[in-house]
Amino acid sequence: MSKRQTRDYDESDLRVEPQEHHAAGPTAVAVSMRRSLERMGPTRTAQTWAKLNQAEGFDCMSCAWPDPDPGHRHAAEFCENGAKAVAEEATKDRATPEFFAKHSLADLDSHSEMWLGQQGRITHPMVKRPGGTHYEPIEWDEAFALIGEQLKGLSSPDEATFYTSGRASNEAAFVYQLFVRAYGTNNLPDCSNMCHESTSMALAESIGIGKASVTLDDVHNAKLIVIAGQNPGTNHPRMLSALEIAKRNGAKILTINPLREAGLTRFKNPQVPRGVVGKGTILSDLHLAIKVNGDLALFQALGSLLVEWDALDHAFIDTHTTGFQTWRDHVAAVDWDVVTETTGLTREEITAAAQMVRDSDATVYCWAMGLTQHRNGVATIKEIVNLALAQGNIGKPAAGLLPVRGHSNVQGDRTMGIWERPPAAFLDSLQDEFGFNPPRENGLDTVDSIRAMRDDKVKVFIGLGGNFVQATPDTDVTAKALQRTALTVQISTKINRSHLLCGETALILPTKGRTEKDIQASGPQWISVEDSTCSVHSSRGPLDPASPFLMSEVEILTHIAEATLGDRYGIDWRGMRDNYSNIREHIARVVPGCESYEVNVHKPGGYLMPHPPRDTRSFHTKSGLGEFVASPIEMLQVPPKHVVLQTLRSHDQFNTTIYGLSDRYRGIEGGRRVVLMHREDITALGFNPGDTVDLVTYWPEDDIQRCAPSFRVVEYDTPRGSAAAYYPETNPLVPLDSTATGSNTPTYKAVIVTLVPEGEGNKPQAQQGGQDETGADDGHKVSPEIKHLS
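Figured I'd write up the structure that's included with this text. Along each chain, the written sequence defines residue order, and numbers are assigned to residues from 1. It should be noted that, the model being predicted, local features are given only for residues of pLDDT at least 70 and side-chain atom pairs only at 80 or more, the latter also being counted only at that level, while totals for whole chains, interfaces and linings use all residues. Only hydrogens and water are set aside when side-chain values are computed; all heavy atoms of the structure are taken into account.

## A closer look at helix α23 (residues 446-454)
Item 1. Taken together, the buried positions of α23 are Thr446, Val447, Ser449, Ile450, Ala452 and Met453.
Item 2. We define a polar contact as two N or O atoms separated by no more than 3.5 Å, with the added condition that, inside protein, one atom must be a possible hydrogen donor and the other a possible acceptor, whereas residues neighbouring each other in sequence contribute only through side-chain atom pairs. Working definition: helices are DSSP H or I runs of at least four residues, strands are E runs of at least two. Numbering for both runs from the N terminus. If you check the start of α23, you find a side-chain oxygen 3.3 Å away from the backbone N of valine 447, and it comes from aspartate 445.
Item 3. Just downstream of α23 lies aspartate 456, where phi reads positive at about 65°. Each residue gets one of three labels from its accessible area relative to the maximum for its type: buried under 20%, exposed over 50%, partly exposed in between, using a 1.4 Å probe on protein chains only.

## With respect to the packing of helix α2 (residues 26-51) against helix α3 (residues 80-89)
Two quantities define a packed helix pair, namely the angle between the helix axes and the distance between the axes.
Item 1. Taken N-terminus to C-terminus, the directions of α2 and α3 make an angle of 45°; their axes are 9 Å apart at the nearest point. Judged on the interaxial angle alone, α3 and α2 are oblique. In the packing of α2 onto α3, the handedness of the crossing is left-handed. On α3, the residues touching Ala28, Val31, Ser32, Arg35, Ser36, Arg39, Met40, Thr48 and Trp49 of α2 are Glu80, Ala83, Lys84, Val86, Ala87 and Glu88.
Item 2. The residue makeup of the contact of α2 with α3, split by class, is seven nonpolar, three polar and five charged. Each axis is a line fitted through C-alpha atoms, and for a helix only the stretch in contact is used; angles between axes span 0 to 180 degrees, taken between their N-to-C directions. In what follows, roughly perpendicular refers to angles from 65 to 115 degrees, roughly parallel to angles under 35, roughly antiparallel to angles over 145, and oblique to any angle outside these ranges. Handedness of a crossing follows from how the near helix is turned relative to the far one, being left-handed for an anticlockwise turn of less than a right angle and right-handed for a clockwise one. For this analysis, residues touch if any pair of their heavy atoms sits within 4.5 Å. In this classification, Asp, Glu, Lys and Arg are treated as charged, Ala, Val, Leu, Ile, Met, Phe, Trp, Tyr, Cys and Pro as nonpolar, and every other residue, Gly included, as polar.

## Notes on the pattern of salt bridges
Item 1. By salt bridge we mean one thing: a side-chain nitrogen of Lys or Arg within 4 Å of a carboxyl oxygen of Asp or Glu. Enumeration over the complete set of coordinates arrives at 51 salt bridges.
Item 2. Salt-bridge contacts for aspartate 361 lead to lysine 223; the nearest nitrogen and oxygen are separated by 3.2 Å. Residue aspartate 361 is located in the loop between α18 (347-358) and β14 (363-367), and its partner lysine 223 is located in the loop between α10 (216-221) and β8 (224-228); the two are separated by 138 residues in the primary sequence.
Item 3. A salt bridge links arginine 666 to glutamate 261; the shortest N-O distance between them is 2.8 Å. Taken together, the residues span a long stretch of sequence, with arginine 666 in the loop between β29 (662-663) and β30 (668-669) and glutamate 261 in the loop between β9 (252-256) and β10 (266-268) at a distance of 405 residues. Taken as a pair, arginine 666 and glutamate 261 share a single burial class, namely buried.
Item 4. Via salt bridges that share partners, Arg35, Glu80, Lys84, Asp652 and Arg664 belong to a single interconnected network.

Here's what the structure looks like:
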């Protein structure tokens, strides 16, 4: 095991304890309070908790679950993981220039991601000079001049790429994309490329808009809620309150996931007495423990039964859709042997689920990364749309499509123009507003940006938030790609791995966070964000900034723009910096659905953006109708002595930010390097629970064997052939070129791996492949293949 994995905590302390069979409850309150007091102290805890997710407060920087109407919010309108996120940002700890002088990049890189985050807020802009071993302070003006010189010195604007994390505000995102396009490129990759890009592509092609077609009230009043490939208890905990309301209103809930997560089973709402002292609310009426990558086959089987039973809304189909006949014939011919093999479910289980869908006249379909991060992710989302179209569950109350976003403003950033493939109409509006012709060629997404840096085609990387190295696939390839660049710029609040695996010159530009006041020349400023249901609202922090040397995202970006572009095109960068209302005036004239933006977004609770399918059953697709799409079933061909691994979060992390070592819902305490497997798979591979193994995969397209070392084998309730482990530790196993068809999203949820004894993962391929019952090596190479079955 590497030094990085062992220096800050001992994985031998890892304990497997009984799982919790409910989400939240009194424990969540206790953990929230303890973490907040430890990191922020009592005063800052009180200041932030009182304003978190309130109408005149600040928006949580964690997930993008929508807020209730202002009159229906609790005094504590947040979850355990939201409290942890606030505590991480509002911590009293500081990473000062003295800290960076004490620790070299090599020393910092030897520490865990959790330890890096615990060092606190970065207080000054820092630079790593060419050949340097340490970061050192740099004045803001010099930092901006350095960036401007590098960007102006490139032979083409396409030699730079500009990444965005989902934390950036709408105002910052709009300014960022304006700068990048005025500079001359559409290289605007973002974190959505790695998560819901499959959703965006599927929905845009099927219904004409890549966003949810429901409101929070629709969830509350649905007759049936289908939750597929999602773990709300950890990734979107406030969703549990909405599910509880729906259950109280009579809804049934169908859950589909390889793991029977606590958040899919029972919810103890700590806001009400019965959640503290009672048994809580049972959520799932039927749980389908589906095999990894079996969802497309399942949804086609559900469609087949709906067609067989004629449980269809023919009036809606005839008036608002196209392609129905082709889809109907396709699903009617589904091979049930293929379906049961691919899903791991019985026909009786699938029929029971289909009966729930049949009997509901108002169904909401929810999903997240468990569906999107597969090779067939786009096709799977289109299959969900097929089901919704077949029963007329779009554009009516209490029904629709709900892709649940996992980062607080990832949807808003895309609305504001952060996309490498911008619509021509958006570029036309930008040209009308600012008087320059933006580049019309598509830019680089996240995966293509990594390839371009690897191949020396991109020489400058600028990241607006996030931890690029740890969030992306193929960690070793990504790290080496960044290290080949001339300049990396990270706009950040805290230290992360991407600051350490960096370009020849590297800048860390420390920014204010959501929790902090933002005072500019015209006075106090506020920002805006968009949640998963297209609701846009304002946000303003209550705390003084962590350091007087911090700048806001908008400040940093407008200064970079001035240093790079000067007065090109006459864009008033200073005016936007001094008063964010000037940005919102531009937004109102450029971004569809943002007319009267300043007024609407400043209302208590904000406003709901237009959504044609939801509002008027209008579909801005190529046909002008909702489009049924028939897709072949894809079945992963898994060689003997291999399993399909999905990467996932612990309950004690948010994306790449590791809060601690407690995944109490799954019974994992004191460590992170675990692989969860069915007991029969463990035995078949020649191991026992508690053994330490290396995870190995082989990707034939680049002939590279990848290894993630030293994982504890844990027996778990998961389908045969399906395994799970935490990211980012397992991201090195995800090949850069293994992506979803149509979206280029990395296949984090379907990595074919084998297990070998610890220490043998980096041996030649001929020695790989697990052990037989005697412990002998079978010499089998990993060979991930996909078989298409229509």
